[in-house]
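Per-entry structural report
Each chain, written out:
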Amino acid sequence: HPWDPVVRDADSNILTKDVDYTVSLEGDLVNVGTVNVTITGIGNYEGEIGRTYDITPAAAVIKVADASKNYGDDDPAFTGTIEGLVPGDALGDVAYSRTNADEAVGTYAGVLTATVANLNPNYTYTVEPGTFTIAPAGSLQVTITTDAEGLRKVYDSQPSAISAEASAEGSTLLYSVDGGTTWTEQNPSFTDVGTYTVQVKATNPNYEDSPVVSATI
């Protein structure tokens, strides 16, 4: 919203807008840049003074979702969620990738990242990287299938939940919202404003349990 300056007279009395002075603004009042402000005395006051204020970029955060695959498989499509945007704004063209070329079985922390092309000049951004796990061939893999728009929304009183799938039929998906202390087959849903991290793993009597992946709603 536009800056509403506090104006005082020579005796430090606070003056009343549109009674003692008027304020005119010149420039873009929405996007990043500089706005020129002119304060003009009226009524018992006269004179004019100019000021400026800057609209600076807002800080957005890209949270990259964890992912996994089986040894020898192609990488899955990576995804994530973006926090800090004004409703209706887009940060730019977000691309998710991993920074390492390792294909050996293991867990690689912080290698899933994101870059933004055509960045909206009203924002800066930081990336919270995700973890990539390569599991032995024959073990289960869980993929978060909810897209970025499904992981972030404006409050509308409707419940939100993640979607996930296992790599083998007949698998059971288990969910945790307490960091992996307890697990349930019930996919949790959330209605109230907030940030919620859900961990997911899959079990199947014919496979090793999948690595745990997570997503943030």
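Located above this text is the structure these notes cover.
A brief report on the enclosed structure follows. Please read these numbers as outputs of a predicted model, since none were measured by experiment.

Counting its secondary structure elements, the protein chain contains one helix and 15 strands. A globule of 217 residues ought to have a C-alpha radius of gyration of about 17 Å, yet the protein chain, at 26 Å, is considerably larger. Considered along the principal axes of its C-alpha atoms, the protein chain spans approximately 85 × 35 × 25 Å. Scored against the burial criterion, the 217 residues of the protein chain give a buried share of 35%. Sequence-distant contacts in the protein chain: of pairs separated by 6 or more residues, those separated by 24 or more amount to 53%. Accessible surface, the protein chain as shown: approximately 12400 Å² in total, 47% of it carbon and sulfur. If you average the places of the 9 positive and of the 30 negative side-chain charges in the protein chain, the two averages end up 4 Å apart.

Let's shift gears to the packing of aromatic side chains. Applying the stated criterion across every chain yields a total of two aromatic pairs. An angle of 85° between the planes, with centres 5.6 Å apart, marks the rings of Phe78 and Phe132 as edge-to-face. With Phe78 in the loop between strand E5 (67–70) and strand E6 (80–83) and Phe132 in strand E10 (residues 130–135), this residue pair connects regions lying 54 residues apart in the sequence. Pair check on accessibility: Phe78 and Phe132 agree, each one buried.

Burial along strand E15 (residues 213–216) is two-sided: the face carrying Val213 and Ala215 and the face carrying Ser214 and Thr216 are both buried. With four bridges joining them, strand E14 (residues 197–203) and E15 adopt antiparallel strand pairing. Within E15, the residue paired with Val200 across the bridge is Val213.

Turning to the environment of Pro136, a few remarks are in order. Mapped onto the elements, Pro136 comes out in the loop between E10 and strand E11 (142–144). Taking the C-alpha atoms as reference points, Pro136 and Glu208, 72 residues apart in sequence, are found 8.8 Å from one another. Not counting chain neighbours up to four residues away, the residues in contact with Pro136 comprise Asn70, Tyr71, Val105 and Glu208.

Before going further, it helps to examine the pattern of salt bridges. As enumerated under the stated definition, the model contains six salt bridges in all. In this structure, Glu103 engages Lys69 in a salt bridge whose closest nitrogen and oxygen atoms are separated by 2.7 Å. Of the two residues, Glu103 is situated in the loop between strand E7 (93–98) and strand E8 (106–117) and Lys69 in strand E5; the sequence distance between them amounts to 34 residues. Residue classification places Glu103 among the partly exposed residues on the basis of a relative accessible area of 34%.

A few words now on a nonpolar patch on the surface. Together, Leu25, Leu29 and Val30 make up a nonpolar patch on the protein surface, roughly 240 Å² of accessible area in all. Mapped onto the fold, Leu29 is located in the loop between strand E1 (21–26) and strand E2 (33–41).

With that out of the way, let us pick up the pairing of E8. For E7 and E8, the ladder comprises six bridges, and the chain directions are antiparallel. Across the sheet, the residue bridging to Arg98 is Leu112, located in E8. As paired strands, E8 and E10 are joined by four bridges and run antiparallel to one another. In the strand pairing of E10, Gly106 is matched with Ile134.

Moving on, we come to the environment of Ser157. In this fold, Ser157 is placed in the loop between helix H1 (148–151) and strand E12 (164–166). For the pair Ser157 and Asp192, spaced 35 residues apart in the sequence, the C-alpha separation amounts to 7.2 Å.

Okay, the sheet that holds E1 next. Strand order in the open sheet made by the three strands is E1-E2-E3, with antiparallel pairing throughout. Each edge of the open sheet carries a strand with a single partner, namely E1 and strand E3 (48–55). Across the sheet, the mean angle separating the axes of adjacent strands is 25° when strand polarity is ignored. Bridge count between E2 and E3: eight bridges; the pairing is antiparallel. Within E3, the residue paired with Thr40 across the bridge is Glu48.

Another point: the environment of Ala168. You can see Ala168 is positioned in the loop between E12 and strand E13 (172–176). Residue class for Ala168 comes out buried when judged on its relative accessible area of 11%. Ala168 has contacts with Leu140, Asn204 and Tyr207, leaving out every residue within four places of it along the chain.

Conventions adopted
Residues numbered from 1 in each chain as written. Predicted model: local features only at pLDDT ≥ 70, side-chain atom pairs only at ≥ 80, totals over all residues. Heavy atoms only, no water. Helix = DSSP H or I, 4+ residues; strand = E, 2+ residues; numbered from the N terminus. Rg over C-alpha atoms; globule rule 2.2 N^0.38 Å. Buried < 20%, exposed > 50% of the residue type's maximum accessible area, 1.4 Å probe, protein only. Contact = heavy atoms within 4.5 Å. Areas by Shrake-Rupley, 256 points an atom, 1.4 Å probe, with all protein chains shown as cover. Lys, Arg positive; Asp, Glu negative; His and termini not counted. Charge placed at Lys NZ, Arg CZ, Asp CG, Glu CD. Phe/Tyr/Trp six-rings, centres within 6.5 Å; stacked < 30°, edge-to-face > 60°. Pairing = 2+ DSSP bridges. Salt bridge = Lys/Arg side-chain N within 4 Å of Asp/Glu carboxyl O. Patch = residues over 30% accessible without salt bridge, like charges linked within 9 Å, V, L, I, M, F, W, Y side chains within 5 Å. Axes fitted to C-alpha atoms, helices over the stretch in contact; angles between N-to-C directions.

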